[in-house]
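# Survey of secondary and tertiary structure
These are the residues of each chain, in order.
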Amino acid sequence: MITIKITLETLKLVEEKYKDYITDRNIGYILFVAKFDGNIITVYDNNKKNYYKMTIQGQDPLPLAKMYSMEEQIMPKKAKVEKESPYFIDVDHQIGSDEVGTGDFIGPIVVCSAYVDHETMKLIKKYGIEDSKKLSDKKILEIVPALIKKVYYVSKVLSNERYNNATNKGFNMNEIKAVLHNFCLVNLHKKMPYVNNVYVDKFCDEELYYKYLSNSKEKETNIVFKEKGETYFPSVALASCIARYLFLEEIRFLEEKYKVKIPLGASSEVDKFAINFKNKFGEEELMKICKANFKNFQKIKENLI
C-alpha cells in the first residue's frame with residue numbers, strides 16, 4: 001500500500017475517472033472508495049483543505065501513485081515495508097477477526113470475528129475504534145459494553161485448561177488460533193452470507209493456516225490475511241476491541257474468584273505473581289489459570305526463579 005498527497009483538482013479527476021467503480025462515499029473521514037482491476041483507492045478528507053490523502057492498495061500501486069501524487073518523490077530510496085496503515089483501506093461490508101491473550105501467561109485466549117457495514121462505521125467513529133491499537137484497557141472497559149449490544153459478532157473463549165489439554169496433544173499456538181478463528185468466522189458468516197470480504201489479522205502464512213484446518217468439517221476460505229490488520233480494516237479493529245474486552249472480563253472473574261490482582265503479559269512481575277499463587281493455592285490450581293507450555297511455568301516448576 002502507498003499513501004500519497006493529492007490536490008483538489010486531482011481529487012475531482014480521480015473521482016470522475018473511477019465514478020463507476022466507487023463503492024462507498026462519505027463514511028467518517030473517508031470521501032470515497034473505488035475498487036477496480038484489483039486495486040483499491042481510498043481518498044480521505046483533510047480539515048486544512050490544502051491537500052487530500054489517498055491510499056492505493058493492489059499488486060502494483062506505484063504507477064498509480066506516480067500518476068496522481070503532488071510530490072515528486074513517492075517513496076524514499078530505502079522504504080520500509082508498511083505494516084501499519086494510518087487509515088482504513090476498505091470500509092465496505094466485511095467480516096474481520098482478531099485474537100488476544102496469546103502473549104499472556106495468565107488468562108485465556110479469546111478470538112472474535114465482527115461484522116461491519118456502513119451503520120457500524122458510524123459507531124466505530126463515535127466510539128473511536130479507528131484508533132483501536134491506541135485504546136487503553138480502561139477505555140476498552142468503558143466503551144465496549146455499550147458497543148457490543150449494537151454490533152454483530154461471534155467470539156470464542158478458550159480456557160487455560162482446554163489450552164493446556166490441546167498443547168499436551170501436540171497442538172501449537174498458531175494451530176489453536178487457526179481453529180478458533182475458523183470457528184468464529186464460519187459461524188458469523190452463516191448469519192450474513194452475502195458478505196464477500198473477510199479479513200484476519202495475520203499470524204502465520206496462508207498455506208499453513210489452511211493446513212491447520214485440514215480436519216475441520218467447515219472452513220472459511222477466500223480470506224485476506226494482513227499484519228496489523230486492525231489498522232487496515234474496521235472489522236478487525238472492532239473484533240480486536242471486543243476480544244480484548246472479553247479477555248479483561250475473564251481476568252476480572254479470576255481476580256474475584258481468587259481475591260488477587262493479576263498482572264498481564266509474561267514478565268518477571270508475572271513470574272513473581274505465579275510463584276505466590278502456587279504457594280497459596282497449589283500447582284494444580286495454577287495450571288487452571290496459566291499456559292503451561294510457556295517458559296514461565298517451567299521456570300516456576302523447576303524453582304529457577
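Throughout what follows, the structure given in this document is the object of discussion. (Residues numbered from 1 in each chain as written. Predicted model: local features only at pLDDT ≥ 70, side-chain atom pairs only at ≥ 80, totals over all residues. Heavy atoms only, no water.)

By size, the foremost hydrophobic cluster in this structure holds 83 residues, and its most contacted members are Phe105, Ile129 and Tyr209. Counting residues per element, this core draws most heavily on helix α9 (residues 234-258), at 14 residues. Look past the residues within four positions of Phe105 in its chain and what remains in contact with it is Asn160, Gly265, Ala266, Val270, Ala274, Ile289, Cys290, Lys291, Phe294, Asn296, Phe297 and Ile300. One finds Leu31, Ile56, Ala65 and Tyr68 within the second-largest nonpolar core, a separate group that totals 19 residues. (Core = buried A, V, L, I, M, F, W, Y, C linked by side-chain atoms within 4.5 Å. Buried < 20%, exposed > 50% of the residue type's maximum accessible area, 1.4 Å probe, protein only. Helix = DSSP H or I, 4+ residues; strand = E, 2+ residues; numbered from the N terminus. Contact = heavy atoms within 4.5 Å.)

This part takes up the sheet that holds strand β7 (residues 109-116). Strand pairing in a sheet relies on backbone hydrogen bonds, with the paired strands running either antiparallel or parallel. Taken together, five strands build an open sheet; the order of strands is β8-β7-β6-β9-β10 and the sheet is mixed. In the strand order of this sheet, the two ends are held by β8 (153-158) and β10 (224-226), each with one partner. Averaged over all pairs of adjacent strands, the angle between strand axes in this sheet comes to 15 degrees, irrespective of strand direction. Bridge count for strand β6 (residues 94-100) against β7 is seven bridges, and the pairing is antiparallel. Paired with Val100 across the strands is Val110, a residue of β7. (Pairing = 2+ DSSP bridges. Axes fitted to C-alpha atoms, helices over the stretch in contact; angles between N-to-C directions.)

As a further point, take helix α6 (residues 173-191). Compared with an ideal rise of 1.5 Å per residue, which puts 19 residues at 27 Å, α6 spans 28 Å between its outermost C-alpha atoms and is within 8% of the ideal. Its side-chain oxygen 3.1 Å from the backbone nitrogen of Asn174, Asn172 forms the N-cap of α6. (Expected span 1.5 Å × (residues − 1). Polar contact = N/O pair within 3.5 Å; in protein donor to acceptor, adjacent residues only side chain to side chain.)

Along the chain, Tyr153 turns up in strand β8. A C-alpha to C-alpha distance of 24 Å links Tyr153 and Ser85, two positions 68 residues apart in sequence. Discounting chain neighbours no more than four positions away, the residues touching Tyr153 are Cys112, Ser113, Ala114, Ile148, Leu188, Lys191 and Ile242.

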